[in-house]
Amino acid sequence: MAETTELADLAREAAGCTRCALAAGRTQVVFGTGDPEADLLLVGEAPGRDEDLCGEPFVGRSGKLLDRLLAEELGVDRRRCYIANVVKCRPPGNRDPRPAEVAACRPYLAAQIDLIRPAVVVTLGNFASRLLLQTDQGITRLRGTSYPFGDARLVPTFHPAAALRSGGEVVAQMRADLVRAKHLLGWSSEPEAGAVGPVEGGG
Ligand code: URA
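Residues numbered from 1 in each chain as written. Predicted model: local features only at pLDDT ≥ 70, side-chain atom pairs only at ≥ 80, totals over all residues.

Draft legend 1. Inspection of the site of the ligand at higher detail. Every residue close to the ligand is listed here: Gly-44, Glu-45, Ala-46, Pro-47, Gly-48, Glu-51, Pro-57, Phe-58, Ser-62 and Asn-85. Among the residues making up the shell around the ligand, the classes are represented as four nonpolar, four polar and two charged. (Near = placed C-beta within 6 Å. Nonpolar A, V, L, I, M, F, W, Y, C, P; charged D, E, K, R; others polar.)

In structure tokens:
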């Protein structure tokens, strides 16, 4: 299938990428994994140590929580989704990606979105949410609704690492955001709780 081939070609190109200084410190590029034709795309921040070693996004503790929430709230495992990060190489010491690194890597994420053409994009945490919504607002303000995103809808939620740090309430809000994504995907047979209310967020 054309998209699959193009995504694989892009992954091969990214594997040799030297567009920013992160190339020097990585074990491998963590391009993204999952169904190249997925309706649901999840976007995190950057690979950590486990991901750098394994070559797959969200395989550490955050990933275990993400897998659990996907199973419990959406009834899917990661193979039915596509999971990628804003930045494809591990920042040293797990520091935040720098603006130049985000800018250098951005074309890969843009191409992934164009090729996968998801119906719903779930952004995990401040980095992905701010980048894709082109805003300075924080995730606490942004989450709780969905936004138009090209032909798709974008649902911002917390990063699973924040949920691991903060626990109960943040996990509950992540669950609610994933249920919102489920409704937008048409995967839910139940009416959305609180569906009669303010119109979902604008651009
Ligand atoms: N955190 C992220 O944002 N992405 C990963 O792949 C792992 C941890």
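Draft legend 2. Seen up close, the pairing of strand 6 (residues 152–157). Extensive coverage of strand 6 is indicated by the burial of six of its six residues. What you see with strand 6 is no split at all: Ala-152, Leu-154 and Pro-156 on one side and Arg-153, Val-155 and Thr-157 on the other are buried throughout. Summarising the sheet, strand 4 (residues 120–124) and strand 6 pair through five bridges and their orientation is parallel. Paired with Thr-123 across the two strands is Pro-156, which belongs to strand 6. Across three bridges, strand 5 (residues 147–149) lies against strand 6 in antiparallel orientation. Counted as the bridge partner of Tyr-147 is Leu-154 from strand 6. Linking two consecutive strands that pair antiparallel, namely strand 5 and strand 6, is a turn of two residues; a positive phi of about 60° is found at Gly-150 within it. (Buried ≥ 20, exposed ≤ 12 C-beta atoms within 10 Å, placed from the backbone. Helix = DSSP H or I, 4+ residues; strand = E, 2+ residues; numbered from the N terminus. Pairing = 2+ DSSP bridges.)

Draft legend 3. Spatial organisation of the nonpolar core. With 48 residues, the main nonpolar core has Leu-41 and Val-43 as its most contacted residues. The residues contacting Val-43, other than those within four sequence positions of it, are Ala-84, Asn-85, Val-86, Leu-109, Val-121, Thr-123, Leu-124, Ala-128 and Leu-132. (Core = buried A, V, L, I, M, F, W, Y, C linked by C-beta atoms within 7 Å. Contact = placed C-beta atoms within 7 Å.)

Draft legend 4. Region of interest: the environment of Gly-25. With respect to the helices, strands and loops of the structure, Gly-25 is situated in the loop between helix 1 (2–15) and strand 1 (33–34). C-alpha separation for the pair Gly-25 and Pro-92, spaced 67 residues apart in sequence, amounts to 7.0 Å. Here Gly-25 is in contact with Arg-90 and Pro-92, once residues within four sequence places are set aside.

Draft legend 5. Structural context of the sheet that holds strand 1. One open sheet accounts for six strands, arranged 1-3-2-4-6-5; its pairing is mixed. Every other strand in the sheet has two partners, leaving strand 1 and strand 5 as the edge strands with one partner each.

Draft legend 6. Here's a closer look at the packing of helix 3 (residues 61–74) against helix 8 (residues 168–185). Here helix 3 crosses helix 8 at 55°, and the two axes come no closer than 9 Å. Between helix 3 and helix 8, the angle falls in the class oblique. Of the two possible hands of crossing, helix 3 and helix 8 adopt the one that is right-handed. In this structure, helix 3 uses Leu-69, Glu-73 and Leu-74 to contact helix 8, whose residues at the interface are Met-174, Arg-175, Leu-178, Val-179 and Lys-182. Residue composition of the contact of helix 3 with helix 8, grouped by class: five nonpolar, no polar and three charged. (Axes fitted to C-alpha atoms, helices over the stretch in contact; angles between N-to-C directions. Parallel < 35°, antiparallel > 145°, perpendicular 65-115°, else oblique. Left-handed = near helix turned anticlockwise from the far one by under 90°.)

Draft legend 7. Broad picture of unusual backbone geometry. A positive phi angle, close to 50°, is found at Arg-117, a residue other than glycine. Within the secondary structure layout, Arg-117 lies in the loop between helix 4 (99–116) and strand 4. Residues other than glycine seldom take positive phi values, yet Gln-134 does so here, at roughly 55°. Locating Gln-134 in the fold gives a position in the loop between helix 5 (126–133) and helix 6 (139–142).

Draft legend 8. Seen up close, helix 5. Considered for burial, the residues of helix 5 that qualify are Asn-126, Phe-127, Ala-128 and Ser-129. Elements that come into contact with the buried residues of helix 5 comprise strand 2 (40–44), strand 4, helix 6 and strand 6. In the stretch just after helix 5, Gln-134 is the one whose phi turns positive, near 55°.

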